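Report on the structure
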Amino acid sequence: MSISTFNNTKNKSDSIWIDLKNNPKNYRAVTGDRPTGPLHIGHYFGTLKNRVFLQNLNIENYIVIADYQVLTDRNSNQETLNYIKEIILDYLAAGLDPINKKTVIFTHSSVPELNQLLLPFLSLVKMSELERNPTVKDEIKAANLNAINAAMMVYPVHQAADILFCNGNLVPVGRDQLPHLELSRKIAKRFNERYGTIFFEPNALLSEFPVILGLDGKQKMSKSRKNAISLNLTSDETANLIRKAKTDNECVITYDPCGRPEIANLLHLLTMCTGESSEKIADRIGDRGSWYLKTNLIDGLNSYLEPFRKKRIELSKDTGFLFKILENGNEKARCLASETLKRVREKMKMLYLEHGNK
Ligand code: ATP
Ligand code: MG
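Residues numbered from 1 in each chain as written. Chains lettered and ligands numbered in written order. Predicted model: local features only at pLDDT ≥ 70, side-chain atom pairs only at ≥ 80, totals over all residues. Heavy atoms only, no water.

The interhelical angle for the contact between helix 3 (residues 80-94) and helix 14 (residues 321-347), taken along N-to-C directions, is 90°, at an axis separation of 10 Å. Taken together, the axes of helix 3 and helix 14 lie roughly perpendicular to each other. Every residue of helix 14 that contacts helix 3 at L81, I84, K85, I88, L89 and L92 is listed here: F321, L322, F323, I325 and L326. Each residue belonging to the contact of helix 3 with helix 14 can be placed in one class, and the counts come to 10 nonpolar, no polar and 1 charged. (Axes fitted to C-alpha atoms, helices over the stretch in contact; angles between N-to-C directions. Helix = DSSP H or I, 4+ residues; strand = E, 2+ residues; numbered from the N terminus. Parallel < 35°, antiparallel > 145°, perpendicular 65-115°, else oblique. Contact = heavy atoms within 4.5 Å. Nonpolar A, V, L, I, M, F, W, Y, C, P; charged D, E, K, R; others polar.)

Moving on, we come to the site of ligand 1. Surrounding ligand 1, one finds 21 residues, the nearest of these being T36, D176, I212, K220 and S224. Between ligand 1 and G174, the relevant distance is 2.8 Å, taken from an oxygen atom to a main-chain nitrogen or oxygen of the residue. Within the contact set of ligand 1, a nitrogen atom lies 2.9 Å away from a backbone nitrogen or oxygen of M221. Considered on its own, ligand 1 offers 600 Å² of accessible surface; in the complex 97% of this is hidden by protein. Here the shell around ligand 1 gets 4 residues from one element, more than from any other, and that element is helix 2 (residues 41-56). (Near = heavy atom within 4 Å. Polar contact = N/O pair within 3.5 Å; in protein donor to acceptor, adjacent residues only side chain to side chain. Areas by Shrake-Rupley, 256 points an atom, 1.4 Å probe, with all protein chains shown as cover.)

Bringing unusual backbone geometry into the picture now. At N58, a residue that is not glycine, the phi angle is positive and equals roughly 70°. By the element assignment, N58 lies in the loop between helix 2 and strand 2 (60-65). Even without a glycine there, the phi angle at K349 is positive, about 60°. Within the secondary structure, K349 sits in the segment after helix 14.

A few words now on the pairing of strand 2. The element strand 2 is largely enclosed, with a buried count of 5 among its 6 residues. Sheet topology places strand 2 next to strand 3 (residues 103-107); 5 bridges connect them, and they run parallel. Bridging across to strand 3, I65 finds its partner in T107. A crossover connection joins strand 2 to the parallel strand 3 through helix 3; in handedness this β-α-β unit is right-handed. (Buried < 20%, exposed > 50% of the residue type's maximum accessible area, 1.4 Å probe, protein only. Pairing = 2+ DSSP bridges. Right-handed = clockwise from strand over helix to strand, strands pointing away.)

Our focus in this paragraph is a nonpolar patch on the surface. A cluster of nonpolar side chains, namely M350, Y352 and L353, defines an oily patch on the protein surface of about 310 Å² accessible area. Mapped onto the fold, Y352 is located in the segment after helix 14. (Patch = residues over 30% accessible without salt bridge, like charges linked within 9 Å, V, L, I, M, F, W, Y side chains within 5 Å. Salt bridge = Lys/Arg side-chain N within 4 Å of Asp/Glu carboxyl O.)

On to the pattern of salt bridges. Counted under the stated rule, the structure contains 20 salt bridges. With a closest N to O distance of 3.2 Å, E193 and K189 form a salt bridge. With E193 and K189 both in helix 9 (residues 178-195) and 4 residues apart, this pair spans about one turn of that helix. For E193, a relative accessible area of 58% translates into the label exposed. Among the charged side chains, a salt-bridge network with shared partners connects R34, D73 and R74.

Ranked by size, the top nonpolar core spans 49 residues in total, and within it I41, F45, Y91 and L293 carry the most contacts. Broken down by secondary-structure element, the contributors of at least two residues to this core are helix 2, strand 2, helix 3, helix 10 (235-244), helix 11 (261-274), helix 12 (278-285), helix 13 (289-315) and helix 14. No other element matches the 8 residues that helix 3 contributes to this core. Residue assignment places this core across two domains, with domain 1 (3-212 + 318-356) and domain 2 (235-315) each supplying three or more. Not counting residues up to four positions away in its chain, the partners in contact with F45 are S207, I212, L269, M272, C273, L301 and Y304. In terms of nonpolar packing, the next biggest core, distinct from the first, is built from 39 residues, F121, V157, L178 and L206 among them. (Core = buried A, V, L, I, M, F, W, Y, C linked by side-chain atoms within 4.5 Å. Domains from an automatic or database assignment.)

On to the state of the cysteines. Two cysteines joined by a covalent bond between their sulfur atoms form a disulfide. Under the criterion given, the structure shown has 0 disulfides. C166 takes part in no disulfide bond, and the closest cysteine sulfur, belonging to C335, lies 13 Å away. (Disulfide = S-S within 2.5 Å.)

What follows covers the side chain of N302. Within the secondary structure layout, N302 lies in helix 13. Residue contacts for N302: discarding those within four places in its chain leaves S235, T238, L297 and R309.

Right, let's get into the packing of aromatic side chains. Evaluation of the coordinates by the stated rule reveals 10 aromatic pairs. Look at Y44 and F45: their rings are 5.2 Å apart centre to centre, the planes differ by 85°, and that puts the pair in the edge-to-face class. The burial state of Y44 is the same as that of F45; both residues are buried. Judged by centre distance (5.3 Å) and plane angle (70°), the rings of F191 and F199 are edge-to-face. Overall, F199 belongs to the buried group, its relative accessible area being 4%. In textbook terms, an aromatic cluster arises when at least three aromatic residues are bridged by ring pairs, as seen for Y44, F45, Y304 and F308. (Phe/Tyr/Trp six-rings, centres within 6.5 Å; stacked < 30°, edge-to-face > 60°.)

This part takes up the domain arrangement of the chain. Its domain assignment divides the chain into domain 1 (3-212 + 318-356) and domain 2 (235-315). The C-alpha-based centres of domain 1 and domain 2 are spaced at 30 Å. Contacts between the two partners involve 18 residues from domain 1, matched on the other side by 15 residues from domain 2. Interface area, domain 1 with domain 2, both sides summed: about 1500 Å², of which 69% is carbon and sulfur. A per-residue breakdown of the area domain 1 buries against domain 2 is headed by F45, A93 and F209, which together make up 41% of the total. Counting every contact that joins domain 1 to domain 2 gives 2 salt bridges. (Buried area = accessible area lost by both parts, 1.4 Å probe.)

In structure tokens, the structure reads:
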């Protein structure tokens with residue numbers, strides 16, 4: 001994604017942040033996660049915190065656990081169920097409330113009508129658009145795949161179905177998702193132009209720091225890249241990982257996101273925990289160096305996560321209720337997806353029998 005496209009997306013996101021509080025009724029949010037591992041602090045600061053914020057503005061909030069998408073870079077679903085449970089615990093501990101609020105949590109494999117949207121959507125996309133998607137290219141490289149399956153190439157289109165099935169218009173995501181969201185916008189626009197208007201063109205809602213780097217300081221933090229700090233770790237485990245985070249050879253801490261991305265990433269994380277600006281933290285720490293910065297971050301992050309951890313431990317004592325949450329969510333998502341699919345087939349003139357042609 002070019003810098004100018006990113007800047008446009010960021011500006012749009014900034015204006016939505018201002019509008020949200022005045023006009024929450026104009027928005028329906030939708031996002032999701034792959035059940036490939038427990039969520040990490042990149043998820044928390046990149047999207048989860050924003051989902052909770054939207055929910056608390058009483059905005060409808062659809063959250064898809066993208067279980068088919070596990071198979072884009074793995075051959076087995078063996079651990080998926082366990083990760084689904086872990087992820088729902090993370091959601092609840094972070095403050096998502098599918099019982100009392102307008103948050104719907106569902107697995108996309110349980111919603112056949114959503115998956116059927118993939119077929120007409122595929123016909124709206126060019127092969128070249130799929131082949132040049134930078135996030136897909138990164139994921140193929142990171143997974144070190146011998147052979148690339150077709151699900152990997154078309155999952156951004158599937159993701160459009162995950163967003164458009166509920167006609168969501170706001171997607172709180174990290175930077176990695178922007179190429180996919182751009183494709184969802186194109187699919188919505190092309191469908192509307194070709195068959196008649198149904199869909200909104202969804203917008204991204206970005207955080208202050210739209211990508212959290214992993215402990216390697218190079219790639220984005222991700223469940224699959226073994227560079228993450230999971231939210232379910234203890235404070236000691238978190239401290240040990242932060243101590244190992246890659247930094248550079250300079251002794252003095254300065255804030256230079258382009259020149260010193262590893263240090264900037266640690267500063268960003270501390271900013272998100274305490275609210276103090278990254279520049280100020282860097283000035284304050286100065287020649288006390290990266291060890292002292294890490295000590296500050298360990299303290300800041302552990303106290304920030306303390307309520308989350310307490311709640312998660314409490315919730316995980318009895319996980320039977322997680323299935324009820326999913327059952328309700330799947331049912332609600334299915335209702336909405338059926339309506340959308342019907343409208344789509346109607347516009348495409350594919351409701352043959354329903355139109356009295358028997
Ligand atoms: P995987 O490695 O299995 O793909 P992941 O860590 O990339 O897992 P996803 O489930 O693909 O996580 O992403 C879910 C959501 O979290 C997306 O909206 C994505 O933008 C956001 N997200 C993931 N990692 C980060 C990160 N490092 N910084 C900001 N946002 C992130
Ligand atoms: Mg990912």
